[in-house]
Every structure is written in C-alpha cells, then in structure tokens.
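Residue strings, one per chain:
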Amino acid sequence: MTVTARGRSGGGAGMEEKCDAPGLGFLGLDRMRVLLPPLRLPEKLSASRTLRTHLFTNYRMRKVRDSSRWLIPLWVSIWVFIASLIYLRMSYQAVEKRRELLAIMCDDRARMLQDQLNVSMNHLQALAILVSTFHHSKTPSAIDQKTFAWYAERTAFERPLTSGVAYGVKVTHAEREQFERQQGWSIKKMYSSKTKKQSQGPGNAEDAEVREPAEEYAPVIFAQDAYKHVISFDLLSGADDRDNVLRARESGKGVLTAPFKLLNNRLGVISTYAVYKYELPPNARPQERIQAAIGYLGGIFDIEALVDKSLHQLAGKQSIMVNVYDTTNEKPISMYGSNDTGSGMCKVTLNFGDPTRKHEMHCRFIQSPPWPWLAITTSIGIFVIGLLVGYIIYATAKRIARVEDDFQEMSLLKKRAEDADIAKSQFLATVSHEIRTPMNGVLGMLQMLMDTDLDTTQQDYVRTAQASGKALVSLINEVLDQAKIESGKLELEAVPFDLRTVCDDILSLFCGKAQEKGLELAVFVSDQVPQTLIGDPGRIRQIITNLVGNSIKFTEKGHIYLTVHVVEEIMHCLEVETGTQYANTLSGYPVANRKRSWENFRLFSRELNSSEMPFATSASDSISLIISVEDTGVGIPSDAQSRVFTPFMQVGPSIARIHGGTGIGLSISKCLVGLMKGEIGFASKPQVGSTFTFTAVLTRAHSSVNENKSSEFKGINALVVDHRPVRAKVTKYHLQRLGVHNELTTDLDQYISKINCGSQIAKLVLIDKETWLKESHSLPLLVTKLRNKDQPDSTKLFLLENPKSSVKSNSHIFREYNLNVIMKPLRASMLQVSLQRALGGIDKLHCRNGVVGNSILGSLLRKKQIIVVDDNIVNLKVAAGALKKYGAEVTCADSGKKAITLLKPPHSFDACFMDIQMPEMDGFEATRRIRVMERDLNEQIERGEAPPECAGVRQWRTPILAMTADVIQATHEQCLKSEMDGYVSKPFEGEQLYREVARFFLNQDQVQ
Amino acid sequence: MSAANQLAALIANMFATGLLDDQFQQLQMLQDPSAPNFVSEVVTLFCQDGERIIGELAKQLDKPSVDFDRVDAFVHQLKGSSASVGALKVKNTCIQFCELCQQKSKDGCLKTLETVRINFYELRGKFQTMLQLERQVNGFPPNN
C-alpha cells in the first residue's frame, strides 16, 4: 500500500484523498460513490466560469448595440454640423472675395472719375490764369468776348466734361455805372423773381430783370458761344453761384456747386475759380484773397456724361452698377445712376478737389451673387464621406463584435471540451483505481479457491475466472497509465539500470507463450550500448513488453527479434541488416524492411540533411538508443496503419475477439516514447510481418565499474555453429556478456578440418538445433573428433534447442552424443547457469542470487560492517534481516545514545542506517553528535596526534543513511542539513536500498 | 487438506483481506537457509511489541490528563512495527490514530484504540495460526 501510495503521489487529488483515508470500507466501490460528487467539481467550476464569460460577452454585446442606437444620430449630426461649417466658411469666403472685387472695381472707377475731373478742373484753372494774364494785366485788354469764345471752343477737348465756361468780373457798386456804360448793357439778375419757370440756370438775357443794387457784382463778360446768353448775368445773384463765387475767392481753389439739372435735363455741377489781381502766396489769408479777387471763371460739368464716359473706358461696366452722390448735405443728392439701393453696396469717397463738397460713389454688382456651388458640393461631399466613414466604422465594429462573440463562444467550447477531457481522464483514473482494489480481492479469493479441493471442471472455471480477472487488472493498469499520461502526471524516473537485464527479463516473461506457439524469441543488444544507463527501466520495459506482446499475439510462425542499438551505429551504417534478404533473418522467414520503420524519424532526417553537424547528443552524457521489435506475424493492413497509435483503435472488431486487448498499449507506448524524447514508428507488410522501432534518449551512467562479466568464464573459448548469421550473432552476444571468448562459424566442415590441423580447440561448442539437423551427416564426425582425447575437461557440446521442434522426438540425439541442451530464448542468466552446470564449477552463492541486480547489491554489501539504529525492535529486526540477506554484518543499536557510543571513532563500521524518529535522541541529533566526534578526530589526524588505530586514515566520515517512513522532500533536506548521506524508506525496498548504498560504496571503492 | 496448502491459503487470505501488504512478502523473501526462522521471529516480536504498546496506550488514555505526545510516540512505534511487518490494516489505523493524537481528541483516540486493538488481535490470531501451520509444515509436532 505504501508503495502504491508513493508511486501515485503525483496522481490526481482524488486519488490522494483515497490514499490518505484508508480503511473506510473494504470495497472500494463504496468509496467510489462517495468520491464521485467531488469529481463533478471541475464541471461545476467550469459551468460557473462559462456563465461568467457568457454574461460578460452578452454585456459587451449589449453595450455595443446600445451605444450604436444613439451613436448613429450623434454621428450624423456631427457631420451635418461639420458640413454646414464648411459651407458657411466657403460661402463667406466667396462673398468676401466678391466684396473685395467690388471694392477694387469701385475704387478704380472712382479714381478715374477723379482724375478726369481733376484734369478738367486744372484746365479751368489754366483758363482762369489766362484771363487774369491777358484781360486784367493788359490795358487795353487782349481778350474780348470773341477771342474768349474762340479760345474756349478750341480748347474744349482739354476739358471733356465741361459743357461750357464763362467769366464774370468783379464789379463793385461804385463801379457799376461805369462798367455798364463800358459794356453797353446793364447787369442782370440770374433768376427772375417773377417767373419761377427757370428755377435753375440763367434765362435769356433779354427776359432777365436788371440786377437790383448790391454791394458788388460779378457780371459775366465772356462766355463760350453755347452759353453766350449768360453774358451780363450777375453770378452773385444766384444762390448757388453766389456761394460758389464767395467760397472760390476765399479758398483760391476750384469749388463745386451742388448738382442741379442742366438745360439738357442732365445733372451737372458748376465749378468756379477765382481770378486774382496778382499772385498770392499759398498761405494767404481769406481776407487778402477776397481783396485780391477780380473775377470768377465758371465751368459747367456734365456729371452724367463724365461718369458714363469714364465708365466706358473700363472693362466690366455691364456687371457693375455705379451711383454717385453728393453727400455734403444730410440728404445725399444723386448725381448719377438709377436711384436703387440694393444690398452689397460698396461706398467710396470721391475727392473732386473741393474740400467743402463731399461726394460718394456707390457700386453694386448688377447680378445678384451666384449660388456658391463649390461650397455646396464640397460640404455635401464631406458629409457623404463622413457618413460612409461612419458606416465603415460601424460595420467594422459590428464585425469585430461578432468575431469576438464567435471567439468567446469557441473558447468556451474549447474550454468545455478540455474540461470534459480532464474530467474523463480523472474519471478513468479514479474508476480504474477503484476497480483495482476489489479486483485484487477477487483475484486473491480465486487463488485461494484454486487451492481448495476442486474437481476438474471447477478448476477450469476458476482458472478462467482468474485469467479474466488478471486481464481486467492489466487493462485497468493500462487505462490508468493512459489517463495519467493524458493528464500529464506521469513522470519518468531516472535511476541506473542495466538494459540487457531488462531485455532478458522481458524475454523470460514471454518465454512460455513463445514456446506454446513455437516461436523463436531472441534479443540482441549492441556492445555500443553502455552497461549501465540512467532512465526509467519500468517504462522502457513497459514499451518493449507491449511491442513484444503485440508481436507474439499476431505471430503464428517464425520469430520475434528484439534489437537494441545506439543511434549513431545505425547512422554510420544504415545498411545494418535491413532484413531484406530472406535467408538472413532469425528464423529464415521474410520480415518487413526494418529501415522503413524509422525512415520517418525526425532524428534521422535531421541527421541526413546535415551530416557534418556533430551528433547532438554525443557531446553530453545522453545517449540515444534505437530499439526494434521484428516479427513475422500477420502484419498490419495498410488501411489500418494510419491509426495504429490511436488509443482504443484496433485493426478490426474481430481482432479484439480473437486476440483480446484494448488497443491502448501502442498509444501508451507512443506517449512514453515521447516522454523519453524519442520517436516510434513501424514498417509492416501484410502476411510478412511488422517491425516496430522506437528511439529513446537516456543518460550514460558514469560509474559503470561492474562489468558483470563473471570471472569464472574467463579464458574459456567457445565456438558457435550456426548457419544463420543473425542467430549466431545473438548467441555470440550472450556469450560475450558472460565473458566467454567466442568465434562463429557457419560451416562445420571447415571447422572439422581446422581441428584436424591441431589448432586450438574451443572448450564449448554451441550448435543450433536447426544447423544440427541440417548438417547431421558431418556431426558424428565432429563429436568424435572433439571427444577423442578423452580428457576430463573435454569440449562440451551444447545444443541450442528451438521450442518449435518437439523435444521428445529428438531426445535420442542428446543421449547419444551426451549433449547439453539449452532452451531458447537465450538469456544471460540462464545461459550462465547452463554453462556452470556443464562445466561443473557451480558457485553456490551465485546460483542462489541468480538475479543480477541482487548479486550486485550482494557484492556491494558483502562483509560490510553495518550498524542499524532503531528504537523499534521489530523494525530493527527486519532491517537487519534485509541487510544480512545481502551479506552484510549487522550490528543493532536500539537508541541514538547507543549508536553514538558505538560510532565513536575509531571504529570498524562501514555504514550506519539511522532511524529518524526515536525517543530521547532522534536520528538528526545523533548524527550531528557523531559528526562532531568525527571532526574532532579529523583535526587530531591533521595535527598528527591521531591514536594508532587510525593510522592510514586521512579522514573519518561514516556514511549515515536515514531511515524514514515519510519520504517527503522536507525530510530529505533536513537529512542533508544534519550531514546525513541520504535516506532510505522504511520498510526497506531493494531497489532504493541498492541505489543509496551504491551511491557511496561505489564512490568509496573508486576512491580507494 | 495439507498443512502447506492451508498455510498458503491463510496467507493468501490475509493478503486478500488487506491485513497484509507487499512488505510481508519482502519478509518472506528475506527468509533463507541462513536465517530459517526469520519470519516467525519477526512476527513473534511484532506480536509481543504490539501487545505491550496497546497496553501502554490503554494506560495512557486512562489517565485523567492525557499526554498526547507520549501517546503519539507509542502509536508511532506501533506504526513503524506494523509497517515493517506489512500489517497494512494496523498501520492504516495507526495513521488515523496519529492524526487524532495531533488533534488531541481523547474520544477519537479511545475509539481508534479500540479499532487498533481489534485489528491487531485479528492479525495476531491469524499470525499465531500461521506460525502453528508453519511449524507443522517444517515437521515440528503441532503441540510444540
């Protein structure tokens, strides 16, 4: 029970629980029922987890959907806003641009108008100066009305806008009479007070009234011909003209009247210049100017014509509408243009050189502004793009959400599947384990039943029942293994072991079955394979057993051949007995091509691709073995070959009926091989046979001191006679293991001739039965040759008996020739015994210890002085018994104190096994004290004060091993802390004891 | 039925009923011509030792104030002995006993002591039969 519990310590929680609560009920089935509810726990857990994930997913999805409900309008409105912003901005820009354009055009027109007016005004001024020069400064005057009119007429092109000019002279009241006389007419009033018919402009001179007396007068004396009728009119009599004249003489510049209707019914203004007696300084005061003024020159400007003319000169006059206003008064007086005031007006101030008069020009596009198509299309386009982007984002988000949803669902399903798988494994493990316990009871009882008095029928029934039970237990073990592997709880051991022994053991196991079926069973391990390897012998045995078992199951005739090589060997000579030749197999039957079974191995393909690369494993201590099991069975149908390694898969349903088994073995083997970092493969030919090959990476053991070649066979020569080289090789291999020097021959006649020549004669001759029968004609000769000398240690003849040939029929041969018969399959231990028996020198001890492993332990412990410390007398007795069995000489101590007194150096003990839990003084404490004593002695030795008994000893350190019932890590650490050398579990276990003892005894041997 | 058969059946029964485990087989394997009475010696020792310990345990638990550490020590000893002999049932009960000692539950201890006693005396009876049969097989008169 302890063993199982320990082996299972890595097992599932459920299983541990069981182990810790033993004795609750004998039949484990009851417990199983109790255990099943906790088994559902992971399901429940996963269910709650599922629920949570589900809720979470739904929540997220709902969130996405909820938000999309208000996100869409929000998005649309945002883009509407953006689009309208863009529209507004663009249209504003367009309007601005249009306004600027208008302003520029307006400005152009205004400037042109100004310029033209200024030109006219300047010329008017020049005319004024002309008058002043030639009329006033000359006496008599150089100008008369005729000259003036003529001159004015001829220079009219200089004043394109003046329709007429007139000159009025300043006449004071005192001078009036003389002036009237001189001119021949009286000064007339400009506007008759009676007839208001002529509101503006002077009327006919004949109709006009005479000017009433005033302080001064400004009668027109010269005028252009078109305006001849204004001569003799007093300029000061009209309100506008008077104002103009007064302002003109004050300022010395040209002044303008307000616009008025001209005779031709168009709007015009009069510009007036004062003519001075002498030239005035620019900064003359108004008073001085009034004093100096002697006449006034007036010109009539036709504003409408002026503006029309100037506008004609500019392009684009159609698109623009121009209005000119006089804005001197509150109410602007329209001078030009239709009197409409639309929107989009541009106002420009005009300067016509008269500071007191203000003019403005208003411009406006005739056409209303066009629709801002660019802005409209742009903004609509952007809006559409925004909507499209929004849709794309929405679609993407929706898709992501859906994919996430799917993912969640899938991971949920995956999780569920995984949970189910784990649950399955756990269930299998639990149930298998629980079935095993009662099955043991059943089997035990059946065993007991068989021992009672039963008749033949009953015995048969019981035997069948027991066989079925055993089959069930082995099946359950397999299922348990599978479950363990699947749940990843299987861990490999790493212990030193001898692969050859393992192979021999497996062969022994199948010995009976092979003999029943008449199959030849053989093993060959290459001598490149180290003696001791570190790995998990149990698992390797399991794999090989499974493969060999399968082979035996499906093979009716021929052989099963197990070979072990180092991978490098195979690498270097890939042609190693590929088994294609029919004759060159173990039994002569054809086999499947072995090479094909590993052609898919990655190890090889990698190697072949880069042959110069050093072998990966050769650098370290690890070694790759390639192990093949070859049979001549029915083979695997090609359609079933693909699922050979699938659990619970068999070639067909009939297979299970005929051969039994679950089909789980190969799957387990594959997993185990995988755990050993190896690969498994096979080659099979229906009706020819199958070859399964696997590789495994193991570790080379360093302390391979024991060659295990018993010295007893040293110097013995053997001859193997076999016409089949492969079989001869197997025999040779086994003999070599025993240290027998041997040679092979396939031809007896050749050998006989050799004996005749008197060369060295082999002491042992091993002949295969088949060869014997084949060459029976020459054998009697050989036998007599070998025996003729009649010496006591004459050559021994061995016949290697094949199980398939009936022993009885040939038994006379053995008697006749005094042959020793060795039954195949060959195994080292069996061969050893046979040879010993034949040679007569049988070592009693070796014989008894038969098993190699024990003999190693025996040789390690023999004659060793060992002290066992335990307060429990029963334990003491058992431990002592076990150690004595291995040949050790045991001293018992029942307390730590006693142990200390016994182990006070110098003493003659080689090792100490110490119980940990003891009353008064526990094992740790005792060990500490012993170590202290040893250190003291070591110091003495160093100082050379050692007592004489310790001469030749450099350092004392007795190996102390703890014995403990609970093998847990903490205890182990504590052991090392109290300077123990290791621990063994209590009660003793052969394997572990050996391991621990070997660890220091082997080292010790090496040191010494 | 021969004594040898009876002996084999008895031992098989003890295994099957879970009284014994593999360790007992180990013991049997240790018996060889150099130590012919190994198993019987160990078994006798175990029976005597076990009886003593159970007596001690009863005494300890009878006291008004129980020293559980002492009880634990005794139980531990019995556990060790039974493990060495392979007395599975007794060992398992001892493991339970140890736990109860750590919990310092007197009632539990008394109850378990009773179980231990029953298991132990069952095993002792079987062992005694076994020894007797063994003597018969080995050719000693049964009344010796």
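Thresholds applied
- Residues numbered from 1 in each chain as written.
- Chains lettered and ligands numbered in written order.
- Predicted model: local features only at pLDDT ≥ 70, side-chain atom pairs only at ≥ 80, totals over all residues.
- Heavy atoms only, no water.
- Helix = DSSP H or I, 4+ residues; strand = E, 2+ residues; numbered from the N terminus.
- Buried < 20%, exposed > 50% of the residue type's maximum accessible area, 1.4 Å probe, protein only.
- Contact = heavy atoms within 4.5 Å.
- Areas by Shrake-Rupley, 256 points an atom, 1.4 Å probe, with all protein chains shown as cover.
- Salt bridge = Lys/Arg side-chain N within 4 Å of Asp/Glu carboxyl O.
- Buried area = accessible area lost by both parts, 1.4 Å probe.
- Polar contact = N/O pair within 3.5 Å; in protein donor to acceptor, adjacent residues only side chain to side chain.
- Nonpolar A, V, L, I, M, F, W, Y, C, P; charged D, E, K, R; others polar.
- Pairing = 2+ DSSP bridges.
- Axes fitted to C-alpha atoms, helices over the stretch in contact; angles between N-to-C directions.
- Arc of directions from axis to C-beta.
- Core = buried A, V, L, I, M, F, W, Y, C linked by side-chain atoms within 4.5 Å.
- Right-handed = clockwise from strand over helix to strand, strands pointing away.
- Parallel < 35°, antiparallel > 145°, perpendicular 65-115°, else oblique.
- Left-handed = near helix turned anticlockwise from the far one by under 90°.
- UniProt positions renumbered as here; feature names shortened; annotations may be inferred.
- Disulfide = S-S within 2.5 Å.
- pLDDT = per-residue confidence, 0-100.
- Patch = residues over 30% accessible without salt bridge, like charges linked within 9 Å, V, L, I, M, F, W, Y side chains within 5 Å.
- Phe/Tyr/Trp six-rings, centres within 6.5 Å; stacked < 30°, edge-to-face > 60°.
- Lys NZ or Arg CZ within 6 Å of the ring centre and 35° of its normal.
- Expected span 1.5 Å × (residues − 1).

*Asks:* Looking at this structure, I do not really get the overall build of chain B. What am I missing?
*Replies:* Counting its secondary structure elements, chain B contains six helices and zero strands. Ordering the α and β elements of chain B from the N terminus gives α-α-α-α-α-α. Counting over 144 residues, chain B shows a buried share of 49%. A separation of at least 24 residues holds for 66% of the contacts in chain B among residues at least 6 apart in sequence. For chain B, the accessible surface area stands at approximately 6,700 Å², while carbon and sulfur atoms represent 51% of it.

*Asks:* Please clarify how the pattern of salt bridges should be interpreted in this entry.
*Replies:* Where side chains of opposite charge bring their charged atoms close, a pairing between them can arise. Residue and element names in this part refer to chain A. Inspection of the entire model under this criterion finds 22 salt bridges over all chains. For Glu 180, the salt bridge identified is with Arg 176, shortest N-O distance 2.9 Å. Of this pair, Glu 180 and Arg 176 both sit in helix α6 (residues 176-183), four residues apart, which is roughly one turn of that helix. Across the pair, Arg 176 and Glu 180 agree in class, each one buried. Linked through salt bridges whose partners overlap, the residues forming this network are Asp 107, Asp 108 and Arg 111.

*Asks:* Where do I start with the interface of chain B and chain A in this structure?
*Replies:* Size of an interface, as often reported, equals the accessible area lost when the parts are brought together. Opposite the 30 residues of chain B that make contact, chain A presents 23 residues. For chain B, the biggest contributors to the area lost against chain A are Ala16(B), Leu30(B) and Leu45(B); these three give 18% of the whole. Along the contact surface separating chain B from chain A lie one salt bridge. Across the salt bridge formed by Glu41(B) and Lys877(A), the nearest N and O atoms sit 2.2 Å from each other. At the junction of chain B with chain A, the criterion picks out three residue pairs in polar contact (both at pLDDT 80 or more). At the level of elements, α1 (3-16), α2 (22-30), α3 (38-62), α4 (68-85) and α5 (88-103) of chain B are the ones that each hand at least two residues to the side of chain B that touches chain A. Counting residues per element, the side of chain B that touches chain A draws most heavily on α4(B), which supplies seven residues. Grouping the constituent residues of the side of chain B that touches chain A by class yields 14 nonpolar, 11 polar and five charged.

*Asks:* What is the right way to read the sheet that holds strand β25 (residues 865-869) of chain A from this model?
*Replies:* Either a parallel or an antiparallel arrangement is found when strands of a sheet pair, and the pairing is made through backbone hydrogen bonds. All names here are of chain A. Strands sit in the order β26-β25-β27-β28-β29 across an open sheet of five strands; the sheet is parallel. Two strands lie at the open edges of the sheet, namely β26 (889-893) and β29 (982-985), each paired on one side alone. Here the average twist between neighbouring strands, direction ignored, is 25 degrees. The strands touched by helix α29 (residues 923-943) are β27 (911-915) and β28 (960-964); relative to β27, the strand with the most contacts, the crossing angle is about 150 degrees.

*Asks:* Looking at this model, I keep getting lost on helix α5 (residues 145-154) of chain A. Mind explaining?
*Replies:* Because each turn of an α-helix spans 3.6 residues, side chains separated by three or four positions in sequence point in the same direction. Residues and elements named next belong to chain A. Every buried residue belonging to α5 is among Gln 145, Phe 148, Ala 149 and Ala 152, and all of these are buried. Burial along α5 is one-sided: seen end-on, the buried residues are contained in an arc of 95 degrees. Exposed positions of α5 whose direction lies more than 90 degrees from the buried face are Lys 146, Trp 150 and Arg 154.

*Asks:* Teacher, can you tell me more about the nonpolar core here?
*Replies:* A general trend in soluble globular proteins is that nonpolar side chains are found buried together. Residue and element names in this part refer to chain A. Counting 72 residues, the largest nonpolar core has Phe 148, Tyr 167, Val 324 and Met 361 as the members making the most contacts within it. A total of 11 residues in this core trace back to one element, the largest contributor, which is helix α4 (residues 41-136). Grouped together as the second largest cluster of nonpolar side chains are 54 residues, Phe 524, Ile 540, Leu 562 and Ile 636 included.

*Asks:* In this structure, what is going on with the pairing of β26(A)? I would like to understand it.
*Replies:* The side chains of a regular strand alternate, residue by residue, between the two faces of the sheet. All names here are of chain A. In this sheet, β26 lies alongside β25 in parallel orientation, the contact comprising five bridges. The residue of β26 that forms the bridge with Val 869 is Ala 893. In the classification by handedness, the crossover that spans β25, the intervening helix α27 (residues 873-885) and the parallel β26 is right-handed.

*Asks:* Any chance you could explain the packing of α3(B) against helix α6 (residues 106-137) of chain B here in plain terms?
*Replies:* How two helices sit against one another is set out by the angle between their axes and by the gap between those axes. All names here are of chain B. Packing of α3 against α6 leaves a shortest axis separation of 10 Å and a crossing angle of 155 degrees. Here α6 runs roughly antiparallel to α3, going by the angle between their axes. Where α3 crosses over α6, the handedness of that crossing is left-handed. For the contact of α3 with α6, the residue count by class is 18 nonpolar, three polar and five charged.

*Asks:* Teacher, can you tell me more about the UniProt feature "modified residue: Phosphohistidine" (unreviewed entry) in chain B here?
*Replies:* UniProt's feature table lists "modified residue: Phosphohistidine" (unreviewed entry) at His76(B), given in the numbering used throughout. Mapped onto the secondary structure, His76(B) falls in helix α4.

*Asks:* I tried to follow the pairing of strand β21 (residues 741-745) of chain A on my own but got confused; where do I start?
*Replies:* All names here are of chain A. As defined by bridge partners, strand β20 (residues 717-721) adjoins β21 across five bridges and the pair is classed as parallel. Looking at the pairing, Ala 718 lines up with Asn 742 of β21. For the handedness criterion, the β-α-β arrangement of β20, helix α19 (residues 725-737) and β21 is classed as right-handed.

*Asks:* I tried to follow the sheet that holds β21(A) on my own but got confused; where do I start?
*Replies:* Residue and element names in this part refer to chain A. Within the open sheet, the five strands sit side by side as β21-β20-β22-β23-β24. Their pairing is parallel. The open sheet has two free edges, formed respectively by β21 and β24 (820-823), since each of these has just one partner strand. Averaged over neighbouring strand pairs, the angle between their axes works out to 25 degrees when direction is ignored. Here four bridges tie β20 to strand β22 (residues 764-768), and the two strands are oriented parallel to one another. Each residue of the ladder has a partner; that of Val 721, found in β22, is Ile 767. Its contacts with the sheet put α19 on β20, β21, β22 and β23 (796-801), and the angle it makes with β21 is roughly 170 degrees.

*Asks:* Mind showing me how you'd approach the state of the cysteines here?
*Replies:* By definition, a disulfide links the sulfur atoms of two cysteine residues through a covalent bond. Residues and elements named next belong to chain A. Scanning all chains against the criterion turns up one disulfide over all chains. Covalently, Cys 106 is tied to Cys 363 through a disulfide, its sulfur atoms 2.2 Å apart. Across the disulfide from Cys 106 to Cys 363, rotation about the S-S bond amounts to roughly 80 degrees, and the bridge is consequently right-handed. Placement of the pair is Cys 106 in helix α4 and Cys 363 in strand β12 (residues 359-365), with a sequence separation of 257 residues. Take Cys 106 and Cys 363: they sit in the same class, and that class is buried.

*Asks:* Whenever I open this one, the side chain of Ser82(B) confuses me. Can you help?
*Replies:* All names here are of chain B. You can see Ser 82 is positioned in helix α4. A distance of 2.9 Å separates a polar side-chain atom of Ser 82 from the backbone oxygen of Lys 79. Ser 82 has contacts with Phe 46, Ala 87, Val 90 and Lys 91, leaving out every residue within four places of it along the chain.

*Asks:* I would appreciate a short explanation of the confidence of the model for chain B in the present structure.
*Replies:* Residues and elements named next belong to chain B. Within chain B, residue pLDDT values average 83, and 95% of them lie at 70 or more. Confidence, read as mean pLDDT per element, is least for α2 in chain B (80) and greatest for α3 (88). Two summary scores accompany this predicted model of the complex, namely pTM at 0.43 and ipTM at 0.82.

*Asks:* I'm lost on the packing of helix α13 (residues 537-554) of chain A against helix α18 (residues 665-675) of chain A in this one. Help?
*Replies:* All names here are of chain A. Between α13 and α18, whose axes approach to 10 Å, the crossing angle comes to 145 degrees. Crossing hand, α13 versus α18: left-handed. Judged by residue contacts, Arg 539, Gln 542, Ile 543, Asn 546, Leu 547 and Asn 550 of α13 engage Gly 665, Leu 666, Ile 668, Ser 669, Leu 672 and Val 673 from α18. Residue classes in the contact of α13 with α18 are distributed as six nonpolar, five polar and one charged.

*Asks:* Before we go on, may I ask you to explain the confidence of the model for chain A in this structure?
*Replies:* As a note on interpretation, predicted positions should not be read in detail where pLDDT is low. For chain A, per-residue confidence averages 74 on the pLDDT scale, and residues scoring 70 or more make up 74% of the total. Segment residues 1-45 of chain A: pLDDT under 50, and 46 contacts once partners within four positions in sequence are set aside and those in other chains are kept.

*Asks:* What is the right way to look at a nonpolar patch on the surface in this model?
*Replies:* Together, Trp70(A), Leu71(A), Leu74(A) and Ile78(A) make up an exposed nonpolar region whose accessible area comes to about 380 Å². Residue position: Trp70(A) is located in helix α4.

*Asks:* Can you walk me through the packing of aromatic side chains in this structure?
*Replies:* The way to describe two aromatic rings as a pair is by their centre distance and the angle between their planes. One pass over the structure, following the stated rule, counts 14 aromatic pairs over all chains. Relative to Trp185(A), the ring of Phe179(A) lies with its centre 5.6 Å away and its plane at 80 degrees, an arrangement referred to as edge-to-face. Residue Phe179(A) shares its accessibility class with Trp185(A), and that shared class is buried. Look at Phe524(A) and Tyr733(A): their rings are 5.5 Å apart centre to centre, the planes differ by 65 degrees, and that puts the pair in the edge-to-face class. Note that Phe524(A) is positioned in strand β14 (residues 520-525) and Tyr733(A) in helix α19, a separation of 209 residues in sequence. Exposure class is identical for Phe524(A) and Tyr733(A). Each is buried. Through a chain of ring-to-ring contacts, three or more aromatic side chains come together here, namely Phe15(B), Phe24(B), Phe46(B), Phe120(B), Tyr121(B) and Phe127(B). Its end group placed over the ring of Tyr217(A), Arg176(A) keeps NZ or CZ at 4.7 Å from the ring centre.

*Asks:* Looking at this model, I keep getting lost on α19(A). Mind explaining?
*Replies:* Residues and elements named next belong to chain A. For α19, built from 13 residues, the straight-helix expectation of 18 Å at 1.5 Å per residue is met to within 8% by its first-to-last C-alpha distance of 18 Å. For α19, the set of buried residues is Val 726, Arg 727, Ala 728, Val 730, Thr 731, Tyr 733, His 734, Leu 735 and Arg 737. Residue Gly 739 follows α19 closely and has a positive phi angle near 85 degrees.

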